[in-house]
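A structural walkthrough
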Amino acid sequence: MEINATATMSWEPAKHARTGVVDLKLVREGELLTGGNYTSQMIRYSVGDEAFKAPRHRHDFEQIRFSLSGTQDFGRGQVSQEGWVTYFPAGAFYGPEHIENGAILLLQWSDFFVTREHNDRAIAELQELGDFHNGIYTYVDADGKRHNKDGLNAVWEHVFKRKSAFPTPRYTDPILMNPDAFEWAQATETTSIKVLGRFTERDLVIFKVRWDAEGALHLPENRTYCVFTLLGEVAALDTWYGPETAIWSDAGEASDIVGNRGAEAMCFGFPRRAAAAVAVP
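The residue numbering used here restarts from 1 in each chain and proceeds along that chain's sequence as written. A pLDDT threshold of at least 70 governs which residues receive local features in this predicted model, and a stricter bar of 80 or more applies before side-chain atom pairs are shown or counted, although totals over entire chains, interfaces and linings include all residues. Just so you know, side-chain values use all the structure's heavy atoms and leave hydrogens and water out.

Bringing the packing of aromatic side chains into the picture now. Note on ring pairs: Phe, Tyr and Trp rings are taken, using the six-membered ring of Trp, and paired if centres are within 6.5 Å. Classes follow the plane angle, with under 30 degrees stacked, over 60 edge-to-face and the rest tilted. Applying the stated criterion across every chain, the model contains 15 aromatic pairs. Summarising the aromatic geometry, the rings of Tyr 171 and Phe 199 are spaced 5.9 Å apart at their centres and angled 90 degrees between planes, so their arrangement reads as edge-to-face. Placement of Tyr 171 in the loop between helix H2 (151-160) and strand S15 (175-177) and of Phe 199 in strand S17 (residues 191-199) is noted, with a sequence separation of 28 residues between them. Pairwise contacts between aromatic rings join Tyr 38, Trp 109, Trp 248 and Phe 270 into one cluster. Seen from the ring of Phe 88, Arg 65 lies directly overhead, with NZ or CZ sitting 4.6 Å from the centre. When the NZ atom of lysine or the CZ atom of arginine is within 6 Å of a ring's centre and also within 35 degrees of its normal, the charge is said to sit over that ring. Above the face of the Trp 184 ring, Arg 210 is positioned so that its terminal group lies 4.5 Å from the ring centre. Secondary structure follows DSSP: runs of H or I at least 4 residues long count as helices, runs of E at least 2 residues long count as strands, and numbering of each begins at the N terminus.

Before going further, it helps to examine the packing of helix H1 (residues 116-127) against H2. The N-to-C vectors of H1 and H2 enclose an angle of 100 degrees; their axes lie 9 Å apart at closest approach. When the axes of H1 and H2 are compared, the pair comes out roughly perpendicular. On H2, the residues touching His 118, Asn 119, Ala 122, Ile 123, Glu 125 and Leu 126 of H1 are Ala 154, Val 155, His 158 and Val 159. Taken together, the residues that form the contact of H1 with H2 break down as 6 nonpolar, 3 polar and 1 charged. Here the axes come from fitting lines to C-alpha atoms, over the contacting stretch only for helices, and the angles between their N-to-C directions go from 0 to 180 degrees. These descriptions rest on fixed angle ranges, namely under 35 degrees for roughly parallel, over 145 for roughly antiparallel, 65 to 115 for roughly perpendicular, and the rest for oblique. Contact definition: two residues touch when any of their heavy atoms are within 4.5 Å. Polarity classes work like this: nonpolar for Ala, Val, Leu, Ile, Met, Phe, Trp, Tyr, Cys and Pro, charged for Asp, Glu, Lys and Arg, and polar for all others, with Gly in that last group.

Buried means the residue's accessible area, taken with a 1.4 Å probe over protein chains only, is under 20% of the maximum for its type, while exposed means over 50%, and partly exposed covers the values in between. Where burial is concerned, most of strand S11 (residues 103-110) is hidden: 8 out of the 8 residues are buried. Side chains Ala 103, Leu 105, Leu 107 and Trp 109 of S11 all project onto a buried face; the interleaved residues Ile 104, Leu 106, Gln 108 and Ser 110 project onto the opposite face, where all are buried too.

Time to look at the pattern of salt bridges. Take a side-chain nitrogen of Lys or Arg and a carboxyl oxygen of Asp or Glu: if they are within 4 Å of each other, that pair is a salt bridge. Enumeration according to the criterion identifies 13 salt bridges in this entry. Here Lys 149 ties to Glu 157 by a salt bridge, and the two come within 2.7 Å at their closest N and O atoms. We classify Lys 149 as partly exposed; its relative accessible area is 24%. Glu 157 gets classed as buried once you look at its relative accessible area, which sits at 13%.

Dropping the structure here:
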């Protein structure tokens, strides 16, 4: 188990391949049970001329954004409100994006994922050969021919030294979830949950938990979980923590997280190694 008290972490300027000024807190990077990698970051967006903008694009990795404040415009009428969760399936297009004056918790993962360290190094090296502008990387080759490519794809290809490819999207668009529209369902004698969604054959699961009385939320060992606290206090490893704490229960370990009455948290269960067993209706 690892615990990150994000409220006490410092914001740092982010290096990125898009337009706008962005600050981040690198919460955690690690390896999933699948053998792939993931990153978790807090992102804070600027306003006005420094607002974040990105062209319509897609990723070869999976992504979740949990809106902590403000709204995020993902293009074509898809606007995430404060407190909402958005799942971005690998291969699905979205944008153009326009985001300002807000903050999110960001989770990204895949079997071939660019870590923050590799991202920053790749951007610096690519800037020696070309320029990033409005989310596009532009360079001139040895024959004097000008090339444009999506900035994130340019970074990925520079890191892995091969052409990027995109999976067929399991869902054609990002999926926006409003937790307030879901009903609480009793899970145990001390907890209630809202299951916002389970996705793909690898069983990504997103749910919100509320402690109705002091007791434990049990997390099994079959996947990596990130529990992000919202209200009240929760205890992990015999220590109590307040809001905006990221608690990680890694694959291969079973964990119990105790909450006091009225505490709430958003929970993200990363995909399992293989397709989960399902029952025929």
